[in-house]
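Observations on the three-dimensional arrangement
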Amino acid sequence: MSQRRIAFQGELGANSHEACAQHFPDYEPVPHASFEDAFEAVKSGHCELGMIPVENSIMGRVADVHHLLPSSGLKIVGERFKPIHFQLMANPGVTLDEVRTAMSMPIALGQCRKALRRMKLKTEATGDTAGAAKLLAERPDRTKAAVSPALAAEIYGLEILARDIEDEHNNTTRFLVMTAEANPPPPPFTAPCVTSFVFRVRNLPASLYKALGGFATNGVNMTKLESYMENGFFAATFFYAEVDGRPEDIGLARAFEELQFFSEKFEILGVYPADPFRTR
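In this report, the structure presented in the accompanying data block is examined. Fair warning: this is a prediction, and the values are worked out from it, not measured in the lab. (Residues numbered from 1 in each chain as written. Predicted model: local features only at pLDDT ≥ 70, side-chain atom pairs only at ≥ 80, totals over all residues. Heavy atoms only, no water.)

With respect to a positive patch on the surface
A contiguous patch of positive charge, built from Arg-113, Lys-114, Arg-117 and Arg-118, is present on the exposed surface. Structurally, Arg-113 can be placed in helix 5 (residues 113-118). (Patch = residues over 30% accessible without salt bridge, like charges linked within 9 Å, V, L, I, M, F, W, Y side chains within 5 Å. Areas by Shrake-Rupley, 256 points an atom, 1.4 Å probe, with all protein chains shown as cover. Salt bridge = Lys/Arg side-chain N within 4 Å of Asp/Glu carboxyl O. Lys, Arg positive; Asp, Glu negative; His and termini not counted. Charge placed at Lys NZ, Arg CZ, Asp CG, Glu CD. Helix = DSSP H or I, 4+ residues; strand = E, 2+ residues; numbered from the N terminus.)

What follows is the structure, given as C-alpha coordinates:
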(Lines give C-alpha, C1' and ligand atoms only; values in the text may rest on other atoms or scores of the structure.)
Protein backbone atom coordinates (compact mmCIF):
# COMPACT_ATOMS: atom_id res chain seq x y z
CA MET A 1 0.00 0.00 0.00
CA SER A 2 1.39 3.40 -0.97
CA GLN A 3 2.12 5.98 1.72
CA ARG A 4 -0.59 8.52 2.41
CA ARG A 5 0.19 12.14 1.52
CA ILE A 6 -0.31 15.52 3.17
CA ALA A 7 -0.17 18.78 1.17
CA PHE A 8 1.44 22.01 2.31
CA GLN A 9 2.34 25.36 0.75
CA GLY A 10 6.01 26.11 0.24
CA GLU A 11 9.22 24.29 -0.53
CA LEU A 12 10.60 21.27 1.29
CA GLY A 13 12.07 22.53 4.55
CA ALA A 14 9.39 25.15 5.23
CA ASN A 15 7.70 25.50 8.61
CA SER A 16 4.64 23.81 7.13
CA HIS A 17 6.85 20.87 6.13
CA GLU A 18 8.16 20.67 9.70
CA ALA A 19 4.58 20.74 11.00
CA CYS A 20 3.61 17.88 8.68
CA ALA A 21 6.61 15.80 9.75
CA GLN A 22 5.99 16.48 13.44
CA HIS A 23 2.26 15.80 13.58
CA PHE A 24 1.79 13.31 10.72
CA PRO A 25 5.03 11.31 10.54
CA ASP A 26 3.33 8.47 8.65
CA TYR A 27 2.33 10.78 5.79
CA GLU A 28 4.50 11.90 2.89
CA PRO A 29 4.70 15.74 2.87
CA VAL A 30 4.00 17.12 -0.62
CA PRO A 31 5.04 20.74 -1.36
CA HIS A 32 2.92 23.14 -3.45
CA ALA A 33 3.70 26.58 -4.80
CA SER A 34 0.50 28.27 -3.55
CA PHE A 35 -2.28 27.76 -1.05
CA GLU A 36 -4.69 27.29 -3.95
CA ASP A 37 -2.53 24.44 -5.26
CA ALA A 38 -2.38 22.81 -1.81
CA PHE A 39 -6.17 23.03 -1.44
CA GLU A 40 -6.66 21.58 -4.92
CA ALA A 41 -4.32 18.68 -4.18
CA VAL A 42 -6.54 17.68 -1.26
CA LYS A 43 -9.78 18.32 -3.15
CA SER A 44 -8.65 16.20 -6.11
CA GLY A 45 -7.63 13.31 -3.88
CA HIS A 46 -3.93 13.54 -4.74
CA CYS A 47 -3.33 14.17 -1.03
CA GLU A 48 -5.46 12.88 1.83
CA LEU A 49 -4.83 15.88 4.10
CA GLY A 50 -3.63 19.48 3.96
CA MET A 51 -1.60 21.39 6.58
CA ILE A 52 -2.50 25.07 6.21
CA PRO A 53 -1.15 27.95 8.37
CA VAL A 54 -3.85 30.45 9.31
CA GLU A 55 -2.30 32.79 11.87
CA ASN A 56 0.91 33.70 13.67
CA SER A 57 1.16 35.03 17.21
CA ILE A 58 3.35 37.95 16.08
CA MET A 59 2.25 38.77 12.53
CA GLY A 60 -1.45 37.93 12.75
CA ARG A 61 -3.48 36.01 10.20
CA VAL A 62 -1.98 34.58 7.04
CA ALA A 63 -3.24 36.58 4.07
CA ASP A 64 -5.87 35.01 1.79
CA VAL A 65 -6.28 31.74 3.69
CA HIS A 66 -9.59 32.60 5.40
CA HIS A 67 -10.88 33.89 2.08
CA LEU A 68 -9.99 30.56 0.43
CA LEU A 69 -11.46 28.31 3.12
CA PRO A 70 -15.19 28.67 2.26
CA SER A 71 -14.64 28.12 -1.47
CA SER A 72 -12.18 25.25 -1.07
CA GLY A 73 -14.83 22.58 -0.56
CA LEU A 74 -12.70 21.15 2.26
CA LYS A 75 -13.47 20.49 5.91
CA ILE A 76 -11.33 21.28 8.94
CA VAL A 77 -10.56 18.17 11.00
CA GLY A 78 -7.85 19.45 13.31
CA GLU A 79 -5.65 22.28 14.50
CA ARG A 80 -1.98 22.25 15.39
CA PHE A 81 0.11 24.93 17.12
CA LYS A 82 3.79 24.98 16.21
CA PRO A 83 6.51 27.04 17.92
CA ILE A 84 8.38 28.84 15.14
CA HIS A 85 12.17 29.11 15.13
CA PHE A 86 14.22 30.71 12.37
CA GLN A 87 17.88 30.14 11.60
CA LEU A 88 20.20 32.36 9.60
CA MET A 89 21.95 30.07 7.12
CA ALA A 90 24.49 30.48 4.33
CA ASN A 91 26.54 28.51 1.85
CA PRO A 92 29.25 26.29 3.37
CA GLY A 93 32.32 28.21 4.48
CA VAL A 94 30.62 31.63 4.58
CA THR A 95 31.07 33.62 7.80
CA LEU A 96 28.58 36.03 9.33
CA ASP A 97 30.95 38.95 8.70
CA GLU A 98 30.64 38.36 4.94
CA VAL A 99 26.84 38.46 4.87
CA ARG A 100 25.13 41.70 3.87
CA THR A 101 21.59 40.58 2.97
CA ALA A 102 19.07 38.22 4.57
CA MET A 103 16.51 36.58 2.26
CA SER A 104 13.13 35.13 3.21
CA MET A 105 9.41 35.65 2.84
CA PRO A 106 8.20 38.99 4.28
CA ILE A 107 6.31 37.46 7.22
CA ALA A 108 9.48 35.63 8.35
CA LEU A 109 11.66 38.72 7.96
CA GLY A 110 9.11 40.62 10.05
CA GLN A 111 9.35 38.04 12.83
CA CYS A 112 13.15 38.47 12.90
CA ARG A 113 13.24 42.23 12.31
CA LYS A 114 15.07 43.21 15.52
CA ALA A 115 17.71 40.49 15.22
CA LEU A 116 18.43 41.32 11.59
CA ARG A 117 18.74 44.99 12.45
CA ARG A 118 21.24 44.19 15.21
CA MET A 119 23.29 42.24 12.67
CA LYS A 120 23.04 45.22 10.28
CA LEU A 121 21.62 43.08 7.49
CA LYS A 122 19.52 44.31 4.62
CA THR A 123 16.47 42.23 3.73
CA GLU A 124 15.33 40.72 0.46
CA ALA A 125 11.82 39.30 0.07
CA THR A 126 11.24 35.86 -1.44
CA GLY A 127 8.08 33.80 -1.84
CA ASP A 128 8.90 31.22 0.82
CA THR A 129 11.24 30.63 3.76
CA ALA A 130 12.59 27.31 2.51
CA GLY A 131 12.54 28.72 -1.01
CA ALA A 132 15.14 31.27 0.07
CA ALA A 133 17.39 28.44 1.28
CA LYS A 134 16.86 26.50 -1.93
CA LEU A 135 17.68 29.58 -4.02
CA LEU A 136 20.88 30.16 -2.08
CA ALA A 137 21.92 26.55 -2.56
CA GLU A 138 21.28 26.78 -6.31
CA ARG A 139 22.95 30.19 -6.68
CA PRO A 140 25.71 30.48 -4.05
CA ASP A 141 26.42 34.03 -2.89
CA ARG A 142 28.80 34.80 -0.03
CA THR A 143 27.04 38.11 0.69
CA LYS A 144 23.62 36.53 1.26
CA ALA A 145 22.01 34.34 3.89
CA ALA A 146 18.56 32.78 4.18
CA VAL A 147 16.18 33.05 7.13
CA SER A 148 14.64 29.57 7.21
CA PRO A 149 13.73 26.66 9.50
CA ALA A 150 16.53 24.31 10.54
CA LEU A 151 15.16 21.55 8.30
CA ALA A 152 15.93 23.69 5.24
CA ALA A 153 19.64 23.82 6.12
CA GLU A 154 19.68 20.04 6.35
CA ILE A 155 17.87 19.56 3.04
CA TYR A 156 19.82 22.13 1.00
CA GLY A 157 23.28 21.68 2.49
CA LEU A 158 23.61 25.09 4.13
CA GLU A 159 25.39 26.03 7.36
CA ILE A 160 23.62 27.78 10.21
CA LEU A 161 25.34 31.03 11.22
CA ALA A 162 22.88 32.14 13.93
CA ARG A 163 20.20 30.07 15.64
CA ASP A 164 16.69 30.98 16.78
CA ILE A 165 16.81 34.59 15.61
CA GLU A 166 13.06 35.20 15.94
CA ASP A 167 12.37 38.30 18.05
CA GLU A 168 9.83 36.63 20.35
CA HIS A 169 10.48 33.28 22.01
CA ASN A 170 6.74 32.55 22.12
CA ASN A 171 6.50 32.90 18.33
CA THR A 172 3.82 30.37 17.34
CA THR A 173 1.88 29.54 14.18
CA ARG A 174 -1.51 27.86 14.15
CA PHE A 175 -2.23 25.36 11.39
CA LEU A 176 -5.53 23.85 10.28
CA VAL A 177 -5.69 20.26 9.07
CA MET A 178 -7.98 19.90 6.04
CA THR A 179 -9.72 16.96 4.36
CA ALA A 180 -11.89 16.50 1.26
CA GLU A 181 -14.31 14.24 3.12
CA ALA A 182 -17.74 15.87 3.06
CA ASN A 183 -18.70 14.27 6.38
CA PRO A 184 -15.54 13.41 8.29
CA PRO A 185 -15.90 11.36 11.48
CA PRO A 186 -16.87 13.58 14.44
CA PRO A 187 -14.29 14.10 17.18
CA PRO A 188 -14.73 12.06 20.38
CA PHE A 189 -17.18 13.55 22.84
CA THR A 190 -14.54 13.33 25.56
CA ALA A 191 -12.42 15.98 23.82
CA PRO A 192 -12.94 19.77 24.05
CA CYS A 193 -13.87 20.91 20.55
CA VAL A 194 -13.79 23.95 18.29
CA THR A 195 -16.35 24.72 15.59
CA SER A 196 -15.35 26.93 12.65
CA PHE A 197 -17.97 28.56 10.44
CA VAL A 198 -18.59 31.42 8.02
CA PHE A 199 -21.64 33.63 7.65
CA ARG A 200 -22.89 36.72 5.88
CA VAL A 201 -25.41 38.92 7.70
CA ARG A 202 -28.52 40.35 6.11
CA ASN A 203 -28.40 43.98 4.99
CA LEU A 204 -30.41 45.24 7.96
CA PRO A 205 -29.62 47.75 10.74
CA ALA A 206 -27.81 46.12 13.68
CA SER A 207 -27.92 42.72 11.96
CA LEU A 208 -24.44 41.71 13.17
CA TYR A 209 -25.28 42.71 16.74
CA LYS A 210 -28.49 40.69 16.62
CA ALA A 211 -26.85 37.73 14.87
CA LEU A 212 -24.22 37.42 17.59
CA GLY A 213 -26.54 37.98 20.52
CA GLY A 214 -27.40 34.32 20.78
CA PHE A 215 -23.82 33.36 21.61
CA ALA A 216 -23.83 35.61 24.68
CA THR A 217 -27.30 34.63 25.92
CA ASN A 218 -26.51 30.93 25.52
CA GLY A 219 -23.09 31.10 27.18
CA VAL A 220 -21.04 30.20 24.08
CA ASN A 221 -17.44 31.36 24.04
CA MET A 222 -16.52 32.88 20.66
CA THR A 223 -12.73 32.77 20.30
CA LYS A 224 -12.43 34.35 16.84
CA LEU A 225 -14.44 36.71 14.64
CA GLU A 226 -12.88 38.18 11.51
CA SER A 227 -14.44 40.08 8.63
CA TYR A 228 -13.18 40.26 5.09
CA MET A 229 -14.29 41.48 1.69
CA GLU A 230 -16.00 39.15 -0.71
CA ASN A 231 -15.96 39.46 -4.51
CA GLY A 232 -14.10 42.78 -4.36
CA PHE A 233 -16.81 44.76 -2.59
CA PHE A 234 -15.79 47.22 0.13
CA ALA A 235 -18.36 45.93 2.58
CA ALA A 236 -17.22 43.84 5.56
CA THR A 237 -20.32 41.65 5.66
CA PHE A 238 -18.65 38.24 5.38
CA PHE A 239 -17.31 36.75 8.58
CA TYR A 240 -15.16 33.82 9.68
CA ALA A 241 -15.72 32.72 13.28
CA GLU A 242 -14.69 30.05 15.77
CA VAL A 243 -16.45 28.99 18.97
CA ASP A 244 -15.84 26.50 21.73
CA GLY A 245 -18.04 23.43 21.56
CA ARG A 246 -19.83 21.39 18.91
CA PRO A 247 -23.09 22.09 17.04
CA GLU A 248 -24.89 19.35 19.00
CA ASP A 249 -24.40 21.25 22.27
CA ILE A 250 -27.74 22.78 23.23
CA GLY A 251 -26.29 26.27 23.80
CA LEU A 252 -24.43 26.35 20.50
CA ALA A 253 -27.41 24.88 18.63
CA ARG A 254 -29.61 27.70 19.90
CA ALA A 255 -26.96 30.32 19.08
CA PHE A 256 -26.66 28.99 15.51
CA GLU A 257 -30.44 29.09 15.12
CA GLU A 258 -30.48 32.76 16.06
CA LEU A 259 -27.45 33.51 13.87
CA GLN A 260 -29.09 31.97 10.81
CA PHE A 261 -32.25 34.04 11.33
CA PHE A 262 -30.22 37.22 10.77
CA SER A 263 -27.88 35.78 8.11
CA GLU A 264 -28.30 35.05 4.42
CA LYS A 265 -25.40 32.60 4.31
CA PHE A 266 -24.12 30.19 6.96
CA GLU A 267 -21.75 27.23 6.64
CA ILE A 268 -19.92 25.10 9.17
CA LEU A 269 -16.36 24.51 7.96
CA GLY A 270 -15.32 22.02 10.61
CA VAL A 271 -15.75 20.55 14.08
CA TYR A 272 -12.47 19.34 15.53
CA PRO A 273 -10.61 18.67 18.81
CA ALA A 274 -9.02 21.71 20.43
CA ASP A 275 -5.23 21.48 20.46
CA PRO A 276 -3.89 21.17 24.05
CA PHE A 277 -1.72 24.23 23.33
CA ARG A 278 -4.83 26.38 23.85
CA THR A 279 -4.88 25.65 27.59
CA ARG A 280 -1.16 26.12 28.29
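Observations regarding the pairing of strand 7 (residues 101-104)
Along a regular strand, successive side chains alternate from one face of the sheet to the other. Alternating residues of strand 7 divide into Thr-101 and Met-103 and Ala-102 and Ser-104, and every residue in both groups is buried. Pairing of strand 7 with strand 8 (residues 122-125) involves four bridges; the strand directions are parallel. In the strand pairing of strand 8, Ala-102 is matched with Thr-123. Two strands pair when backbone bridges link them, and strand 7 and strand 9 (residues 144-148) are joined in this way by three bridges, in the parallel orientation. Residue pairing in the sheet places Ala-102 in a bridge with Ala-145 of strand 9. (Buried < 20%, exposed > 50% of the residue type's maximum accessible area, 1.4 Å probe, protein only. Pairing = 2+ DSSP bridges.)

Observations concerning the packing of aromatic side chains
Per the counting criterion, the structure on display carries ten aromatic pairs. On the numbers, 5.8 Å between centres and 50° between planes, the contact of Phe-197 with Phe-266 is tilted. Linking Phe-197 in strand 12 (residues 193-201) with Phe-266 in strand 15 (residues 263-273), this pair joins segments that are 69 residues apart in sequence. Feature note: the residues Phe-197, Phe-199, Phe-215, Phe-239, Phe-256 and Phe-266 constitute an aromatic cluster, connected by ring pairs. Here Arg-246 stacks its cationic end above the ring of Phe-189, 4.3 Å away from the centre of that ring. (Phe/Tyr/Trp six-rings, centres within 6.5 Å; stacked < 30°, edge-to-face > 60°. Lys NZ or Arg CZ within 6 Å of the ring centre and 35° of its normal.)

Description of the sheet that holds strand 6 (residues 87-90)
Taken together, the five strands give an open sheet; going across it, the order is 8-7-9-6-10, and neighbouring strands pair in mixed fashion. Each of the sheet's edge strands pairs with one partner strand only, and the pair in question is strand 8 and strand 10 (159-162). Direction aside, the axes of adjacent strands within the sheet are offset by 40° on average. In the sheet, strand 6 pairs with strand 10 via three bridges, with the strands oriented antiparallel. From the neighbouring strand, Met-89 faces strand 10, where its bridge partner is Ile-160. Each of strand 6, strand 7 and strand 9 is contacted by helix 6 (residues 129-138), which is oriented at about 150° to strand 9, the strand it contacts most. (Axes fitted to C-alpha atoms, helices over the stretch in contact; angles between N-to-C directions. Contact = heavy atoms within 4.5 Å.)

Side note on a negative patch on the surface
Judged by side-chain charge, Glu-36, Asp-37, Glu-40 and Asp-64 come together as a negatively charged surface patch. Assignment of secondary structure puts Asp-64 in the loop between strand 4 (60-61) and helix 3 (65-72).

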